[in-house]
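Structural characterization, general
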Amino acid sequence: MNDLSKGWRLTLVAAVICALLLSPPSPLKASAIANQTPVQWFSSNDPEASSSIGNPVGPAAETTSSKEAARPRKDSKGLTLSQLLHKYPETIKTSGPRRKIIALTFDDVPDPRFTPQLLDVLRKYKVKATFFVVGSRAEKHPGLVARMIREGHVIGNHSYNHPQFVKLRLNDFRTQIVRTENILQAIAGYKPRLIRPPYGDINEQQLKWAKSHGYKLVNWNVDSLDWKGLSKTQVKNNILSHAGKGAIILQHGGGGHGSNLRGSIQALPEVITSLRQRGYTFVTVPQLLQISKSK
């Protein structure tokens, strides 16, 4: 082969290589590359945030108060909270039977800034509610818990210091529940059957322990989003737009440093009045679910 032929062949090979390097990837290849990109989810650092499980309605389905609802949270074995709800329907509840009854629930109590005001409203309108109590706060303000009991409300266990349960070992989870239970029994005279996990999160191992020890886990299906410091009108609309038969409504009776629950407290009388006009009756969670309040 002469030098001229060799030169043409080398030129042709170089041209083909350049064409291959410069051509764009096919749509199929581009899609495959895109699908290899990992997605990173960021958790909320807000200690007063909370989230829902199951099928929250309305704004809660899009922006729950944990700021994490967009991601399918999983326990250590890979089950989402929604899957746990379907697997253990008698242990986790987010609503009651489809009757014209509604349960008002208040988390993160007692808090001397807000809880007494809520109790005043409930007493004025003759409504019995369910309060999910943080053990460390009950130690500091036992008189407020005693007032809840005295005025006919039901209390539930909301952990000792509001951790995210799915980040705890089973022993630590159990300590959170039992320690709070003992504090509440000393004040209320009974061991609450109800547990509301902070942020709504729990894993299957913890859930099995709770089930085997006679507890009932209660989350919600209507979120007021009041922890955001919303106005009276916003809180009222969040509740009234989505409350229906057998609803469990989430509000807060306490919060962290700088919390503002004024809008939630101001909205409560109009929420109660409006729902009564629609024919709803207010009940406690044990009444809604037809279970005992104690273990």
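Note that this is a predicted model, so its numbers are computed, not measured.

What to know about the packing of helix 8 (residues 170-188) against helix 9 (residues 204-212)
When two helices pack together, their arrangement is given by the angle between the helix axes and by the axis-to-axis distance. It is the contact of helix 8 with helix 9, at a shortest axis distance of 10 Å, that shows an interaxial angle of 45 degrees. Classified by the angle between their axes, helix 8 and helix 9 sit oblique to one another. For the element pair helix 8 and helix 9, the recorded crossing hand is right-handed. Contact residues: L170, F173, R174, I177 and V178 in helix 8; Q205, Q206 and W209 in helix 9. Its residues placed into classes, the contact of helix 8 with helix 9 shows five nonpolar, two polar and one charged.

Observations concerning the confidence of the model for the protein
Counting all residues, the mean pLDDT for the protein is 82, and 74% of those residues have values of 70 or more. Every residue in residues 16-72 scores below 50 in pLDDT, and together they form 81 contacts with partners more than four places removed in sequence or on other chains.

Focus on the side chain of E151
Relative to the elements of secondary structure, E151 occurs in the loop between helix 7 (142-150) and strand 4 (154-157). Side-chain polar atoms of E151 contact the side chain of R123, separated by 3.3 Å.

Focus on helix 11 (residues 262-277)
Over its 16 residues, helix 11 runs 24 Å from end to end, which matches the ideal 22 Å to within 8%, given 1.5 Å per residue. The axis of helix 11 is deflected most strongly, by about 35 degrees, at L268, and proline P269 appears within four residues downstream. Of the residues making up helix 11, those classed as buried are G263, S264, I265, A267, L268, P269, V271, I272, S274 and L275. Buried positions along helix 11 lie against strand 2 (101-109), helix 5 (115-124), helix 10 (232-240), strand 8 (248-252) and strand 9 (281-283). G279 occupies a position one or two residues after helix 11 and carries a positive phi of about 95 degrees.

Conventions adopted
- Each chain has its residues counted from 1, following the order in which its sequence is written.
- pLDDT decides what is reported in this predicted model: residues at 70 or higher carry local features, side-chain atom pairs at 80 or more are listed and counted, and totals for whole chains, interfaces and linings draw on all residues regardless.
- Only hydrogens and water are set aside; all other atoms, that is, all heavy atoms of the structure, feed into the side-chain values.
- Here the axes come from fitting lines to C-alpha atoms, over the contacting stretch only for helices, and the angles between their N-to-C directions go from 0 to 180 degrees.
- Strands here mean DSSP runs of E at least two residues long; helices mean DSSP runs of H or I at least four residues long; both are numbered from the N terminus.
- For this classification, under 35 degrees means roughly parallel, over 145 means roughly antiparallel, 65 to 115 means roughly perpendicular, and everything else is oblique.
- It is the rotation of the near helix from the far one that decides the hand of a crossing: anticlockwise by less than a right angle makes it left-handed, clockwise makes it right-handed.
- Two residues qualify as a contact provided that any one of their heavy atoms is within 4.5 Å of a heavy atom in the partner residue.
- Under the grouping applied here, Gly and all other residues not named as nonpolar or charged are polar, the nonpolar ones being Ala, Val, Leu, Ile, Met, Phe, Trp, Tyr, Cys and Pro and the charged ones Asp, Glu, Lys and Arg.
- For every residue, the pLDDT score states the predictor's confidence, bounded by 0 at the bottom and 100 at the top.
- Under the rule applied, a polar contact is a pair of N or O atoms within 3.5 Å (in protein, one hydrogen donor and one hydrogen acceptor; residues adjacent in sequence only if both atoms are side-chain atoms).
- One fewer than the residue count of a helix, multiplied by 1.5 Å, yields its expected span.
- The term bend refers to the angle at a residue between two fitted axes, each drawn through seven residues, those ending there and those starting there.
- The classification of residues rests on relative accessible area computed with a 1.4 Å probe and restricted to protein chains. Under 20% of the type maximum is buried, over 50% is exposed, and intermediate values are partly exposed.

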